[in-house]
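Each chain, letter by letter, is given below.
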Amino acid sequence: MTRAAAGNAGARAEARAMAMGLAKGLGKVTGWPWSSGSRVGSPVAVLAAATLLLAACGTDENLPAADSAMVGGCPSGKDLNGAGASSIKLAIADWTAAYQGQCPDIGINYDAQGSGNGRMQFIQKQVPFAGSDVPLPSAQRGPAQQRCAPGQAINLPMAIVPIAIVYHLQGVAKLTLTPSLVAKIFNGKIKQWNDPALVAANPGVSLPNKTITPVHRSADSGTSENLTRFLAGQAKSDWPYPPSQAWPNNVGPGAAVSTNMVLLVKQTDGAIGYVDNPDATSNKLPIAAIDVGAGPVAIGSASIGKVIAASEVDQNGLDITVDVAYGLKAPGAYPALMVTYLITCSRGLPADQAGLVKSFITLTAGDQGQALIAKAGYIPLPTSLRGQVQAAVARLDGV
Amino acid sequence: MTAAASGVVLLTMAAITVFLIYRAVPALRGNAANFFTEQRWDADGTPPRFGIAAAFYFTVLTSAIAIVLAVPVAVGVALFINYYAPRRLSSGLGYMVELLAAVPSIVYGLWGFTFLAPHLTGLVSWLDRWFGWTIVLRYRPESAPNNYSPLTAGIVLAIMILPIICSISREVFQRVPREQIEAAQALGAYRWETIRMAVLPLGRAGVISASILGLGRALGETLAVTMLLSTAFAINIHFTETGGVTFASIIALKYGEAGPTGTGALIAAGLCLFLLTLAVNFAANVIVRRNKVA
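Note that residues are indexed from 1 along each chain, following the sequence as it is written. Chains carry letters from A onward and ligands carry numbers from 1 onward, assigned in written order. A pLDDT threshold of at least 70 governs which residues receive local features in this predicted model, and a stricter bar of 80 or more applies before side-chain atom pairs are shown or counted, although totals over entire chains, interfaces and linings include all residues. Heavy atoms from the whole structure form the basis of all side-chain values; hydrogens and water molecules are not counted.

A.B. asks: What am I meant to see in the overall build of chain A here?
C.D. replies: Under the DSSP-based scheme used, a helix requires at least four consecutive residues in state H or I and a strand at least two consecutive residues in state E, with every element numbered from the N terminus. Of regular secondary structure, chain A possesses 14 helices and 13 strands. For chain A, the residues scored as buried account for 56% of the 399 residues in total. The long-range share in chain A, meaning contacts at least 24 apart out of those at least 6 apart in sequence, stands at 74%. On chain A, roughly 15,300 Å² of surface is accessible, and the fraction owed to carbon and sulfur atoms is 55%. Exposure classes here rest on a 1.4 Å probe applied to the protein chains alone. A residue is buried below 20% of its type maximum, exposed above 50%, and partly exposed in between. We call two residues contacting when some pair of their heavy atoms lies within 4.5 Å. Throughout, the Shrake-Rupley method with a 1.4 Å probe supplies accessible areas, and for residues the shown protein chains are the sole cover considered.

Right, dumping it as structure tokens:
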């Protein structure tokens, strides 16, 4: 322990020196000793220094990510592997590019095989972090805690992924749906595009006399689970099924993954489906506005932010979960969304992985990391939630 | 040496069986529904309810459609290459057919998903119009206007298993003794009569085993079927309507998000597929043996 203490003392001196360097305007990221090839001391010292540097810049309660120190120093050059939800695939790609801009030696591999698969791999110690569209379910809490012992398995909200109701209808560029209409379409109660209920919800739009093809995800998916939560929360009487990863009925064709969903909707005139917003926008699919009672609302940081503001955020140690207000009927709210989490250990990861995970998550939760993914169609975490996540990340055991 | 090699194969089979049973039993114990008749799959629910009725039905149905479509074509192609085609054409054609086997199944899946299914609408309504009385080919107007149906999956599977059936049939036909063919010709038989009298009867056992190999592939084919079928866990006797799920496709579609019970349930489905394939192979052996004696 004396060695570690000595290391910490050295690191502290180093951090102070560097903070001073920054203050004098001398510290350019690339000029820092650890990124210029010759690494100073062990990753231990580097990370401790980075943490202290952050601590020197902000208060304990709400740590702003020091912009030039997004990564918080490059840990030793091993690869970081993660697995899980495909909804944040594009975000991870953006983050990886940004991370490698600073730490080109470190490869980041994200296996987008689905939330459940990611959680399983995390519990089986195959990956040090997992992406998941839902927080660890209660059945997996125990095994996950065991995996992280003596630390805690934690959920960290990392991106908000709006769920887009996408459609393909020749000649219709604008479509508004109420949750009850979405429910009736997806359980086969409304079969024609010119159904009186649809016409009533879309004044001024001429809807063709065409059969609706509602497409669902045939593989179990977090997107299905969150969409069905939204439907159950908003239109209980039209959506009798409990929320589940597996699509609950046999109406319409199925698409195994979101890519297939996009393909199917694109090639079928009259189709309607649901995908995460990044997939919808990158494929230029038309997206329906959702009317929860006070007029059509489109996906945007304001309409999503309203829902998050109305949602309850639970924090337990470093574990943060958002109980999304799927039933919110406030004007201007768009409650079809999922909060995607990165699941990792607060402590208890092998030393080489802990440093990597912490530095990567420091980037993803940082202001720049969050701003980065907005372009792809994600909604950055709102300020208060982001501050909470950043504070938790700063307290992660980086060693 | 050879004994050791066969021992390894047997051990592997035994190990697979034991593993499947070991992992499947806890999930099956917790199942609140009848595993063989339930048409739902809610393995991680409380209580878990899951059954293989729909998967069994659609696995057998799609494979049967594939075999019915593929075997006549494959045998025809094999006969054409061996006995009718000019030499230059026959080697090229044989090569082309074998090339079909080199196409990865994801490509077949994508082709079926983006090209074949959207273009089958005409065929489906034609079948409905003229053969709707068979009930199985009826297309009810209220069903979804897509062709992600057992029929489409069967057609794609048929193309996938065509090369294996065709090339094995060719080899078998080549082994028909020259004297038999010459004897038939000496009796004044035309080419088609020669084939009917000499080639087909002697090749029958071989064609059957080739078909069984193809059937084995069709039963277990995952990717292409997973892309095409919709995971509707409801037995539907109308072949041309959207829907369906097979053993392999449930596993592929559910594995990513399965919880502990769910994984066990999927392994139980895998065990059923394993047993089904074993049963088919066993039946094939019996048929082949009987045909050889005759």
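Picking up after the structure, the text goes on.
A.B. asks: Honestly, the pairing of strand β11 (residues 312-316) of chain A in this entry has me stumped. Any pointers?
C.D. replies: Look at any regular strand and the pattern is simple: side chains alternate between the two faces of the sheet. At least two bridges found by DSSP between two strands are what make those strands a pair. One ladder, built from 5 bridges, connects β11(A) with strand β12 (residues 319-323) of chain A; its direction is antiparallel. When the bridges of β12(A) are listed, Gln315(A) appears paired with Ile320(A).

A.B. asks: Just checking my understanding: could you explain helix α2 (residues 53-84) of chain B for this structure?
C.D. replies: Within an α-helix, residues lying three or four positions from one another point in the same direction, as the helix has 3.6 residues per turn. Here α2(B) is 32 residues long and its end C-alpha atoms lie 45 Å apart, about the 46 Å a rise of 1.5 Å per residue gives. At Ala70(B), α2(B) shows its maximal bend, which comes to roughly 30°, and the proline Pro72(B) appears one to four places after that position. In a helix, the anticipated span is given by 1.5 Å times the number of residues less one. The quantity called bend is, for any residue, the angle between two axes fitted respectively to the seven residues ending at it and the seven beginning at it.

A.B. asks: What am I meant to see in the interface of chain A and chain B here?
C.D. replies: Size of an interface: often given as the accessible area lost when the parts come together. Taken together, the contact pairs 27 residues of chain A with 25 residues of chain B. Carbon and sulfur atoms supply 55% of the area that chain A and chain B bury against each other, a total of about 2,000 Å² over both sides. Criterion for a salt bridge: a side-chain nitrogen of Lys or Arg within 4 Å of a carboxyl oxygen of Asp or Glu. Counting the contacts that link chain A with chain B gives 1 salt bridge. Between Lys254(B) and Asp220(A) there is a salt bridge, with its nearest N and O atoms 3.0 Å apart. Here a polar contact is taken to be a pair of N or O atoms separated by no more than 3.5 Å, where protein atoms must pair a possible hydrogen donor with a possible acceptor and residues adjacent in sequence count only if both atoms sit in side chains. The interface formed by chain A and chain B contains 5 residue pairs in polar contact (both at pLDDT 80 or more). Of all the secondary structure elements, the ones that give two or more residues to the side of chain A that touches chain B are α4 (115-123) and α9 (258-267) of chain A. Its residues assigned to classes, the side of chain A that touches chain B shows 8 nonpolar, 17 polar and 2 charged. The term buried area means the drop in 1.4 Å probe accessible area that two parts suffer when joined, counted for both and summed. Side-chain classes follow a simple rule in which Ala, Val, Leu, Ile, Met, Phe, Trp, Tyr, Cys and Pro form the nonpolar group, Asp, Glu, Lys and Arg form the charged group, and the remainder, Gly included, forms the polar group.

A.B. asks: Can you help me understand helix α4 (residues 105-119) of chain B in this one?
C.D. replies: The first and last C-alpha atoms of α4(B) sit 20 Å apart over 15 residues, in line with the 21 Å expected at 1.5 Å per residue. Within α4(B) the residues assigned to the buried category are Ser105(B), Tyr108(B), Gly109(B), Gly112(B), Phe113(B), Leu116(B) and Ala117(B).

A.B. asks: What am I meant to see in the environment of Ala200(A) here?
C.D. replies: Along the chain, Ala200(A) falls in helix α7 (residues 196-201). C-alpha separation for the pair Ala200(A) and Asp133(A), spaced 67 residues apart in sequence, amounts to 34 Å.

A.B. asks: Can you help me understand the sheet that holds strand β2 (residues 108-111) of chain A in this one?
C.D. replies: Two modes of strand pairing occur in sheets, parallel and antiparallel, and in both the strands are linked by backbone hydrogen bonds. All names here are of chain A. Read from one edge of the open sheet, 7 strands run β2-β1-β3-β13-β4-β9-β6, paired in mixed fashion. Since the sheet does not close on itself, it has two edges, and those belong to β2 and β6 (213-214), each with one partner. Pairing between strand β1 (residues 80-84) and strand β3 (residues 129-132): 3 bridges, direction parallel. Of the residues in β3, the one forming a bridge with Gly84 is Gly131. For helices, the axis comes from a line fit to the C-alpha atoms of the stretch in contact; other axes are also lines fit to C-alpha atoms, and the angle between any two N-to-C directions lies between 0 and 180 degrees. Contacting β4 (153-168), β9 (271-276) and β13 (337-345), helix α8 (residues 222-234) crosses the sheet at an angle of about 105° to β9. Helix α11 (residues 301-310) contacts β4 and β13 of the sheet and is inclined by roughly 60° relative to β13.

A.B. asks: I tried to follow the nonpolar core on my own but got confused; where do I start?
C.D. replies: Most often, soluble globular proteins have nonpolar side chains that are buried together. In this structure, Leu177(A) and Trp41(B) are the most contacted members of the largest nonpolar core, which totals 191 residues. The residue makeup of this core includes at least three contributed by each of domain 1 (9-159 + 341-394) and domain 2 (163-302) of chain A. Aside from chain neighbours lying at most four places away, what touches Trp41(B) is Arg49(B), Phe50(B), Gly51(B), Ile52(B), Phe233(B), Ile250(B), Lys254(B), Ala265(B), Leu266(B) and Ala269(B). The criterion is simple. A nonpolar core is a set of buried Ala, Val, Leu, Ile, Met, Phe, Trp, Tyr and Cys residues joined through side-chain atoms within 4.5 Å. Here the limits of each domain have been adopted from an automatic or database domain assignment.

A.B. asks: Looking at this structure, how should I read a nonpolar patch on the surface?
C.D. replies: The patches described consist of residues with a relative accessible area above 30% and no salt bridge, like charges being joined within 9 Å and nonpolar side chains (Val, Leu, Ile, Met, Phe, Trp, Tyr) within 5 Å. On the surface, Leu123(B), Trp126(B), Trp130(B), Phe131(B) and Trp133(B) cluster together to form a nonpolar patch covering roughly 590 Å² of accessible area. When you line up the elements, Trp126(B) lands in helix α5 (residues 121-131).

A.B. asks: Hey, could you run me through the domain arrangement of chain A in this one?
C.D. replies: Residues and elements named next belong to chain A. With domains assigned, chain A is organised as domain 1 (9-159 + 341-394) and domain 2 (163-302). Carbon and sulfur atoms supply 51% of the area that domain 1 and domain 2 bury against each other, a total of about 840 Å² over both sides. If you sort the residues of domain 1 by the area they bury against domain 2, Asp133, Val134 and Ile379 come out on top, with a joint share of 40%. Summed over the shared surface of domain 1 and domain 2, the result is 0 salt bridges. Across the domain 1-domain 2 interface, the total number found is 2 residue pairs in polar contact (both at pLDDT 80 or more). Residues of the side of domain 1 that touches domain 2, tallied by class, amount to 5 nonpolar, 3 polar and 2 charged.

A.B. asks: Honestly, the packing of aromatic side chains in this entry has me stumped. Any pointers?
C.D. replies: Pairs of aromatic rings are described using the distance from one ring centre to the other and the angle between the two planes. Side-chain rings of Phe, Tyr and Trp (the six-membered ring for Trp) are treated as a pair once their centres are within 6.5 Å; stacked means planes under 30 degrees apart, edge-to-face means over 60, and tilted covers the remaining angles. In the structure shown here, the tally under the stated rule is 18 aromatic pairs over all chains. Here the aromatic rings of Tyr110(A) and Phe129(A) are separated by 6.3 Å at their centres, their planes lie at 15°, and the arrangement is stacked. In this pair, Tyr110(A) sits in strand β2 while Phe129(A) sits in strand β3, placing the two residues 19 residues apart along the sequence. Taking the relative accessible area as the measure of exposure, Tyr110(A) reaches 18% and is therefore buried. A relative accessible area of 1% places Phe129(A) in the buried class. A cation over a ring is seen here: Arg147(A) above Phe122(A), with NZ or CZ 4.6 Å from the ring centre. Here, over-ring charges are defined by two tests on the NZ atom of lysine or the CZ atom of arginine: distance to the ring centre within 6 Å, and angle to the ring normal within 35 degrees. Lying over the aromatic face of Tyr84(B), Arg191(B) brings its terminal NZ or CZ to 5.3 Å of the ring centre.

A.B. asks: I keep staring at the pattern of salt bridges and nothing clicks. Help me out?
C.D. replies: Where charged atoms from two side chains of opposite charge approach closely, those side chains can pair. For the coordinates displayed, the defined rule picks out 9 salt bridges over all chains. Residues Asp319(A) and Arg141(A) are paired through a salt bridge, measuring 3.6 Å at the closest nitrogen-oxygen approach. In this pair, Asp319(A) is assigned in strand β12 and Arg141(A) in helix α5 (residues 138-148), connecting sequence segments 178 residues apart. A salt bridge links Arg40(B) to Glu38(B); the nearest nitrogen and oxygen atoms lie 3.2 Å apart. According to the relative accessible area criterion, Glu38(B) is buried, its value standing at 14%.

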